[in-house]
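Coordinate inspection notes
The residues making up each chain are set out below.
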Amino acid sequence: MTYFFNQVYIEETATICGPYEKKGPLRRYFDKTYDDLYCGKTSFEKAEIQLVKDVIVMLLKKSGYKKEEIDVVMGGDLSNQITATTYGSLGVGNGFVGIYAACSTSSLGLLLSACLIQGGFVQNSLCMVSSHNLSSERQFRYPIEYGSLRPHTSTFTATGAGACLLSSEKSDVRIDCATLGRVMDYEQTDPNDMGRVMAPGVIDTLKRHLEDTGRNASYYDLIVTGDLGKYGVEIVRDYFQKEYQLSLPNLQDCGVLLYDLEKQKEIHAGGSGPVCSALVVYSYLYSLLREKKYKRVLLLATGALFSPMMLYQKQNIPCVCHAVSLEAV
Amino acid sequence: MKNTKYNHIADLHKPKENRLIHIFISFLSGGFLGLVGEGLVEFFVSYFSLSRTDASTFMILVFIFMASLLTGLGVFDKLVSIFRCGLLIPITGFAHSMASCALDYRNEGPIYGIGSNMFKLAGSVIVYGIVSAWFFGTIRYLIEVFFL
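These remarks concern the structure in this document. (Residues numbered from 1 in each chain as written. Chains lettered and ligands numbered in written order. Predicted model: local features only at pLDDT ≥ 70, side-chain atom pairs only at ≥ 80, totals over all residues. Heavy atoms only, no water.)

1. Quick look at the overall build of chain B
Threshold: Numbering of helices and strands starts at the N terminus; helices are DSSP runs of H or I of at least 4 residues and strands are runs of E of at least 2. Just to be clear, the radius of gyration here is over C-alpha atoms, and the globule rule we use is 2.2 Å times residues to the power 0.38. Buried means the residue's accessible area, taken with a 1.4 Å probe over protein chains only, is under 20% of the maximum for its type, while exposed means over 50%, and partly exposed covers the values in between. Note on areas: Shrake-Rupley with a 1.4 Å probe; residue coverage comes only from the protein chains shown.
Helix and strand content of chain B: 7 helices and 0 strands. Secondary structure elements of chain B, listed N to C terminal, follow the sequence α-α-α-α-α-α-α. The C-alpha atoms of chain B give 21 Å as radius of gyration, which overshoots the globular expectation for 148 residues (15 Å, by more than 25%). Dimensions of chain B, computed from the C-alpha atoms along their principal axes, are close to 65 × 50 × 40 Å. Looking at the 148 residues of chain B, the share that counts as buried comes to 29%. Accessible surface, chain B as shown: approximately 10,100 Å² in total, 74% of it carbon and sulfur.

2. Description of the pattern of salt bridges
Between side chains of opposite charge, a pair can form as their charged atoms come close. For clarity, the cut-off: Criterion for a salt bridge: a side-chain nitrogen of Lys or Arg within 4 Å of a carboxyl oxygen of Asp or Glu.
Counted by the stated rule, this structure contains 27 salt bridges over all chains. Residues Arg138 of chain A and Glu45 of chain A are paired through a salt bridge, measuring 3.4 Å at the closest nitrogen-oxygen approach. Taken together, the positions of Arg138 of chain A in helix H5 (residues 133-140) and Glu45 of chain A in helix H2 (residues 44-63) put the pair 93 residues apart, joining distant regions of the chain. By relative accessible area, Arg138 of chain A is classed as buried at 11%. The partly exposed category is assigned to Glu45 of chain A, whose relative accessible area is 27%. Arg138 of chain A is the salt-bridge partner of Asp104 of chain B, the closest N and O atoms lying 3.4 Å from each other. Within this pair, whereas Asp104 of chain B is found in helix H5 (residues 91-104), its partner Arg138 of chain A is found in helix H5, the two belonging to separate chains. Grouping residues by exposure puts Asp104 of chain B and Arg138 of chain A together as buried.

3. What to know about the packing of helix H3 (residues 52-72) of chain B against H5 of chain B
All names here are of chain B. This is how the line gets drawn: Lines fitted to C-alpha atoms define the axes, with helix axes restricted to the stretch in contact, and inter-axis angles between N-to-C directions lie between 0 and 180 degrees. Angular relationships are summarised with four words: roughly parallel below 35 degrees, roughly antiparallel beyond 145, roughly perpendicular across 65 to 115, and oblique for the angles in between. A clockwise turn of the near helix away from the far one marks a right-handed crossing, whereas an anticlockwise turn of less than a right angle marks a left-handed crossing. Contacts between residues were defined by any pair of non-hydrogen atoms, one from each residue, lying within 4.5 Å. Each residue gets one of three labels, nonpolar for Ala, Val, Leu, Ile, Met, Phe, Trp, Tyr, Cys and Pro, charged for Asp, Glu, Lys and Arg, and polar for the others, Gly among them.
Contact geometry of H3 with H5 gives a least axis separation of 8 Å together with a crossing angle of 40 degrees. The angle between H3 and H5 places the two elements in the oblique class. When you trace H3 past H5, the crossing you get is right-handed. Packed against H3, whose contacting residues are Ile60, Phe63, Ile64, Ala67, Ser68, Thr71 and Gly72, the element H5 presents Ile91, Thr92, Ala95, His96, Ala99, Ser100 and Leu103 at the interface. Here the contact of H3 with H5 is built from residues that sort into 8 nonpolar, 6 polar and no charged.

4. Quick look at the interface of chain B and chain A
Applicable threshold: Here the buried area means the combined drop in accessible surface, using a 1.4 Å probe, for two parts upon being joined, counting both sides.
With 33 residues of chain B at the contact, the number on the chain A side is 32 residues. Both faces combined, the contact of chain B with chain A buries some 2,900 Å², and carbon together with sulfur accounts for 53% of it. Remark: the boundary between chain B and chain A carries 6 salt bridges. A salt bridge links Lys14 of chain B to Asp193 of chain A, with the nearest nitrogen and oxygen atoms 3.6 Å apart.

5. Considering a nonpolar patch on the surface
Residues and elements named next belong to chain B. Inclusion rule: Within the patch definition used here, like charges are joined within 9 Å and nonpolar side chains (Val, Leu, Ile, Met, Phe, Trp, Tyr) within 5 Å, considering only residues with over 30% relative accessible area and no salt bridge.
A cluster of nonpolar residues, Trp134, Phe135, Phe136, Ile139, Tyr141, Leu142, Ile143, Val145, Phe146, Phe147 and Leu148, forms a patch on the protein surface that exposes about 1,300 Å² of accessible area. Mapping Phe136 onto the fold places it in helix H7 (residues 123-147). Since its relative accessible area comes to 54%, Phe136 is described here as exposed.

6. Examining unusual backbone geometry
Even without being glycine, His268 of chain A reaches a positive phi, approximately 60 degrees. Of note, His268 of chain A is situated in the loop between helix H8 (254-258) and strand S12 (271-272). On the basis of relative accessibility, which here comes to 23%, the residue His268 of chain A falls in the partly exposed class. Within the chain, Arg84 of chain B stands out as a residue other than glycine whose phi angle is a positive 60 degrees. Mapped onto the fold, Arg84 of chain B is located in the loop between helix H4 (76-83) and H5. By relative accessible area, which is 17% here, Arg84 of chain B ends up buried.

Here it is in structure tokens:
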């Protein structure tokens, strides 16, 4: 299902990142960086809450809005009960919506907020996402100090928080349309190869987006996937070529753009996490759209709906992907 | 049908892992650890006049202590990424798994955190170690009773 919007604009964005993202090529686009993964707190979960608090303060400062002027705060993260978002957004806004779509939360938030604004229910909405490398490591993988060996296809959860303020007031970048994704299951079971798990989501959503809108892939200056990693992007490109005879030369991945994969060997195939796409889109691509270097960008944030418990019960890992089209005004 | 087609395409883009090299490195590092252990046993036997059994126990204690200490210092996981499973298979890996779990849950307190999560990774080893020890002990006992 694709929704079209004509009065939803991105008014301002804010991004905060951790030490690994700071070493990456997009460093100068971030508003604030932390050198320490604890962010001055005693645990990584508390550090993630701090990241969310910081990014909200940063966004309000940049946009000039007051806490109580925000109509809706919408966001999510990877932790159980989305604690980073709920604790971090305490005291902000007149309504709260917690959403979970794993790493595709960033585009789902944009989509839902855009619907609320387009429908005239709210004037503005604060969308945010966060993730923390080590709190997700604890939740989904092994203890932090445990020396688990990783294959080349594994991805690295990005640390940081990203927020953007959507409103009905005209600005430089608008949300043009968005395609809601479906849960896909291609019977993938390898948690160390999330690109392969999530690529079916991108294939389905991108195909439906192009059909619904009647556009070619070349309509967009850039199509970015959320966190497929370098191997996942190749799968999507190859699949479109072989199945639909469509070439996607303008397809890139946020997880690859965020880091310098040649130098940062610990990243392996690329970045992941809800904030991975947010850090790239809300900072780097947003500024390119503002400067009119890009006219149209399609964000396909991907999420592996992964639960270690279900995997131990011999279930597959399903995935979802939501698409949001951004346009320079 | 769709899945086989997808898997076929996805397989083309799967990078190769250098298993042979990893196995070789693990073989060397594990073997080196064994050599150090043997050296320690000899050291304890000749300098502290211990029996070989007692010396082995002390050697294991030294290994457990070193692995736990290096885990606490945040070095062990980096060593594993270089020396591979050669460090995880011996007793050092066991100590490392317990120390890393304990460290991981220190924020949740001594009862709900460290106490209940320390054996998260090592628990399986202990349970099946005891089960197999009972199993082989029984076999040995039956052989002794009926055949000797």
